[in-house]
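Descriptive analysis of the structure
What follows is each chain in one-letter form.
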Amino acid sequence: MSERELWGKLLPLIEKNSRMGVKELAVMLDVSETDIANAMTRMEEEGIICGYHTMIDWSKTDVEEVSALIEVRVTPQRGQGFDSIAERIYKYPEVTSVYLMSGGFDLMVILEGKTLQEVASFVSMKLSAMDSILSTATHFILKKYKDHGTILTKKYEDTREQVSP
Amino acid sequence: MRNPLSEKVTAIRPSGIRKFFDIVQEMDDAISLGVGEPDFDTPWHIRDEGIYSLEKGRTYYTSNAGLRELREEICRYMKRTQNLDYRPMQECFVTVGGSEAIDLALRAMVNPGDEVLIPQPSYVSYEPCAVLADAKPVIIELQGKDDFRLQPEQILEKCTDKTKILVMPYPNNPTGAVMSREDLEKIAEVVRQKDLYIISDEIYGELTYRGKHVSIASLPGMKERTIVIGGFSKAYAMTGWRLGYAVGPELIMQQMIKIHQFAIMCAPTTSQYAGIEALRNGDEDVAQMREEYDRRRRYLLHAFSEMGLECFEPFGAFYAFPSVARFGMTSEEFATRLLTEEKLAVVPGTAFGDSGEGYIRISYAYSLDDLKRALERLERFLKKI
């Protein structure tokens, strides 16, 4: 198996479960533990693996959390396009994602705040106040059914007969 | 009052699996490696097609042999996977799961007293179905030393002038054994020489992990003497839809369809529409599930070797068949103690025939997390005994 092939097999597995151990992965993919460890290091160095996170459904905790999607229309700047305005936005720690979009608006900003007020004040005081921003439209997330490929609203239940031929 | 029952039926032993099932049902915290079906849900696009067919009001019988479109897709599938040409309207029909096709094939082909060679350990229904068809089942005991592959000498040894049919249960449930092209060529030679017919149960044909499955029907001179039985249950995770098929010589198909027509009418219409979608657009789903099974298979075998459980490497289906002979218990004792002491359900090898003695069947149709939890119990049990 080439290095690239191994990467292609590894990534979907650890994307779903970043806690899989080197030894386990080596057994399952039929390669040595050294190969796995090297592949992981290389992919971290190349920025292919950008981090290891935990998926949390905050709505099941006592922690208050409000998420919003904000459509942003901007005037691109000469020589820089959308990059510098995107950078100004993503530096705010409450901003969790920023995407450049095709279609009716330019940037999609995903924001996580503690309260509705916090999100509202971010949009009105900080985001809208930036020079090149033409307009914003804020959509609050009411309920997350599925996130990052994981269904949050229902737990998997094995409903098969426990013994069958 | 007179005895209401048929002697033939009452003489058939109940399935050995049933007993374990009953014990497990009584326990509330037992976990199981005992299932014989995929843990995946049917891929959504296939389910959606079934739902759509209901919305459109496709709620009637289909023709006895099944929807033409589905039979065409089945024949295309046989062509692209085995390079076998079957005519959809003459040599192919749709059944209620592969198990119906097994029953029909036997009933359509045997006369009272004909002998049917059944290699065991294997799926539980061949022997009773042969008995119900008034055939005489003749058991071939597959050997652990051969990795449970059928040997041509074993056929010759059991062949008499009454022998008419050989059942080929590969890829095999419960052992996970597969037969390579070379293995099959040797079998085919004997089968031609003895003028036998083959019922080849290829329900696990999509689930092989070292090279593609080869159907014995694709070997020279074998198509005209082989009925291939396939289905959607294992490949597409569609067990509950009850959908299978048979392809083979027109002469035999006609008679099988006759029984099917009187006993069943037709396979469920909703399932047939879903089956068309599965064959047209399901290859990628099958590939993904196969890869996942393969990773679990490796994980399981590695775990066995670490806990000192001896097991040949299975390359098909989703079962491993480790030997428990060295623990000084029968398969059934082992499985019963494992269930009562560690609350882990596995199936004793003897549920699949006497030659399964000394083995247990472990299914890896479970998520990796479930497998891990179960293997911890198995390891604890092995340390104790």
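Scroll up for the structure.
Described in the following lines is the structure provided in the data block. As the structure is a prediction and not an experimental result, all values here were calculated from the model. Along each chain, residues carry numbers from 1 onward, in the same order as the chain's sequence is written. For this description, chains carry letters from A and ligands carry numbers from 1, given in the order in which they are written. Thresholds applied to this predicted model are a pLDDT of at least 70 for local features of residues and 80 or more for the giving and counting of side-chain atom pairs; totals over whole chains, interfaces and linings are not thresholded and use all residues. Heavy atoms throughout the structure, all of them, feed into the side-chain values; hydrogens and water do not.

Points about the pairing of strand 2 (residues 95-100) of chain A
Residue and element names in this part refer to chain A. When strand 2 meets strand 3 (residues 107-113), the two strands line up antiparallel, connected through 5 bridges. Opposite V95, over in strand 3, you have L111 as the bridge partner. Strands pair, by our definition, only if DSSP identifies at least two bridges between them. The way it works is that DSSP assigns letters per residue, a run of H or I at least four long becomes a helix, a run of E at least two long becomes a strand, and they are numbered from the N terminus. Connecting the antiparallel pair strand 2 and strand 3 is a turn made up of 6 residues, with G103 showing a positive phi of about 105°.

What about the sheet that holds strand 7 (residues 226-231) of chain B?
All names here are of chain B. What the 7 strands build is an open sheet, ordered 2-8-7-6-5-3-4; its pairing is mixed. Here the strands that pair on one side only, and so sit at the sheet edges, are strand 2 (92-95) and strand 4 (136-141). Mean inter-strand twist for the sheet, computed between neighbouring axes without regard to direction, equals 20°. Pairing of strand 6 (residues 197-201) with strand 7 involves 4 bridges; the strand directions are parallel. If you follow I198 over to strand 7, its bridge partner there is T226. Under this scheme, a helix contributes an axis fitted over its contacting stretch, all axes are lines through C-alpha atoms, and angles between N-to-C directions fall in the 0 to 180 degree range.

A short note on unusual backbone geometry
Residue and element names in this part refer to chain B. Between Y170 and the following residue, P171, the backbone shows a cis peptide bond with an omega angle of -10°. For P171, the location among the structural elements is in the loop between strand 5 (163-168) and helix 8 (181-193). Here the residue pair N173 and P174 is connected by a cis peptide bond, since its omega of 15° sits within 30 degrees of zero. Tracing the chain through its elements places P174 in the loop between strand 5 and helix 8. Even without being a glycine, D134 presents a positive backbone phi close to 70°. Tracing the backbone through its elements, the reader meets D134 in the loop between helix 6 (126-132) and strand 4. A simple rule labels every residue: compare its accessible area, found with a 1.4 Å probe on the protein chains alone, to the largest value its type can have, and call it buried under 20%, exposed over 50%, or partly exposed in between. Relative accessible area serves as the criterion here: at 37%, D134 is assigned to the partly exposed category. Despite not being glycine, D147 has its phi angle at roughly 55°, a positive value. With respect to the helices and strands, D147 occurs in the loop between strand 4 and helix 7 (152-158). Classification of D147 as partly exposed rests on a relative accessible area of 32%.

Observations concerning helix 4 (residues 68-82) of chain B
All names here are of chain B. Residue count minus one, scaled by 1.5 Å, sets the expected span of a helix. Across its 15 residues, helix 4 extends 21 Å between first and last C-alpha, which sits within 8% of the 21 Å expected from 1.5 Å per residue. Turning to helix 4, its buried residues number three or more, namely L70, R71, E73, I74, C75, Y77, M78 and Q82. Residue contacts are defined here by distance: any two heavy atoms, one from each residue, within 4.5 Å place the two residues in contact. Looking at the buried residues of helix 4, the elements they touch are strand 2, strand 7, strand 8 (244-247) and helix 10 (269-281). Looking at the residues trailing helix 4, positive phi occurs at N83, about 55°.

Without other data, these values stay purely geometric and don't point to any function.
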